[in-house]
Every structure is written in structure tokens, then in C-alpha cells.
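# Tertiary structure, described
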Amino acid sequence: MARSSSGIVAGLTAAAIAAVGFLGYQASATAPAHPPKAAAQQPSPAPSPAAAKQDPAKPVAVPEGSGTGTRVVYSVSQKRVWLVGPVGQEPKSFAVMPSTVHPKAGSYTVGSRSGTVTGSDGVPIEHVVRFATTEGVAIGFSARVDGAMPEPDPGKKTGGIRMARADGDAMWGFATIGSKVVVMP
């Protein structure tokens, strides 16, 4: 009996060590390549032609072909989300930072939510709204508690589509379990 107990303890210890190693690996996924001071000294990238054409006073139009009815629309290429409510209500739209693993274009439903957790990149996040799994990675919207939206490390598999905290608050109030999410290319 003692022999099987020690085998169980050894197995649990090995599993715990593997889990800690995995979490450490993921924690480095979105660490900035440069400290904030160095990043501030770098020149700002030129705006894309699409961004230059967009009048900031006008709302960004919901992508055609994204369906009808109340839904969350996520455009991977535009790095943008729309919270589309009832007919006649102006959709809320905001920029997001996509994860490194993208869901395929299509329609999904919100399957789970978490108020506050540690993200796959090892940072505290809030208002997590999960809607898909791709390549074994859970995909969902969230906001970092520190408010940052750095680009994820392209060498790491992460599924967190990050947004500003205020936008995370809006997403949390809008996208409840069973809500429709439409992913556009």
C-alpha cells in the first residue's frame, strides 16, 4: 500500500512541476520586447491607409456579411470588435489586439466567462468572454488589469483578444453565456 501511495505522490509532484513550467512558459508570451522607456523613444508607425481614411468622428461600419440580430462581431484583419444590439441602436465599436491563434471565420456562441483570472500569458486579466477553441487554445475577449494592450509574442500560442478596460466592461455587460459571436476574416 505504501508503495502505491508514493507512486501517486511522485505522479502528482511531476504533474505540478509540469504545470508550473507550462505556466512560466506562457507568462513570457506577451512580455514587451523593450521596456516602456525604450518603447517611448521609438518612432510611431505610420497609420495604415485604411486608418488614414477613417474619420474618427464617424463610427466604423459593421462589416457586411456579419449577419443580423444582436451579436458580437470580431474582424481579425481590422483588429476591431462591434457590439451590435437591437435594431435602431448604434453599435459600439472598439479596437482590439488579436491573439496569436485566430478562430476561423464563422458563427460561435459564448460558452464561458470569468470575472478575473491569470491569462495564458501570465498576466492578471478581467472580464474574460470565451467563445471558441482553436489548435487546443481557448479563444476569448479580455482586458488586462493593468490596461496595457501589447502585441503578443508571435512565437507563443495565446488566445486572448485584448481590449481596453472600459471596452472589457462593455463586452462583459453585453456578451453573456449563449450570446452570438461572429468572426470575420
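Residues numbered from 1 in each chain as written. Predicted model: local features only at pLDDT ≥ 70, side-chain atom pairs only at ≥ 80, totals over all residues. Heavy atoms only, no water.

The helix and strand inventory of the protein chain stands at 4 helices and 9 strands. Reading the helices (α) and strands (β) of the protein chain from amino to carboxyl end gives α-α-α-β-β-β-β-β-β-β-β-α-β. Classification of the 185 residues of the protein chain by burial places 33% in the buried group. At a minimum sequence separation of 6, the contacts of the protein chain that also span at least 24 residues come to 54%. With an accessible surface of roughly 10,700 Å², the protein chain has 61% of that area assigned to carbon and sulfur atoms. (Helix = DSSP H or I, 4+ residues; strand = E, 2+ residues; numbered from the N terminus. Buried < 20%, exposed > 50% of the residue type's maximum accessible area, 1.4 Å probe, protein only. Contact = heavy atoms within 4.5 Å. Areas by Shrake-Rupley, 256 points an atom, 1.4 Å probe, with all protein chains shown as cover.)

This next bit is on the sheet that holds strand β9 (residues 180-184). Strands sit in the order β3-β2-β1-β9-β4 across an open sheet of 5 strands; the sheet is mixed. The open sheet terminates on both sides in strands that have one partner only, identified here as β3 (92-95) and β4 (106-109). The average undirected angle you get between the axes of adjacent strands in this sheet is 20 degrees. With 5 bridges joining them, strand β1 (residues 71-75) and strand β2 (residues 80-84) adopt antiparallel strand pairing. (Pairing = 2+ DSSP bridges. Axes fitted to C-alpha atoms, helices over the stretch in contact; angles between N-to-C directions.)

Take G85: it is sitting in the loop between β2 and β3. Beyond its immediate chain neighbours, meaning those up to four positions away, G85 contacts G69, T70 and F174.

Now for unusual backbone geometry. One non-glycine residue, H127, adopts positive backbone phi at about 55 degrees. Checked against the element boundaries, H127 lands in strand β6 (residues 124-134). Residues other than glycine seldom take positive phi values, yet E135 does so here, at roughly 55 degrees. Position of E135 relative to the elements: it lies in the loop between β6 and β7 (137-144). With relative accessibility at 56%, the residue E135 sits in the exposed group.

Our focus in this paragraph is the pattern of salt bridges. For the structure shown, the criterion picks out 5 salt bridges. The salt bridge involving D167 is made with K92; its shortest N-O contact spans 3.5 Å. Of this pair, D167 sits in helix α4 (residues 165-174) while K92 sits in strand β3, and the two are 75 residues apart along the sequence. Judged by its relative accessible area of 13%, D167 falls in the buried class. Across the salt bridge formed by R165 and E126, the nearest N and O atoms sit 2.6 Å from each other. (Salt bridge = Lys/Arg side-chain N within 4 Å of Asp/Glu carboxyl O.)

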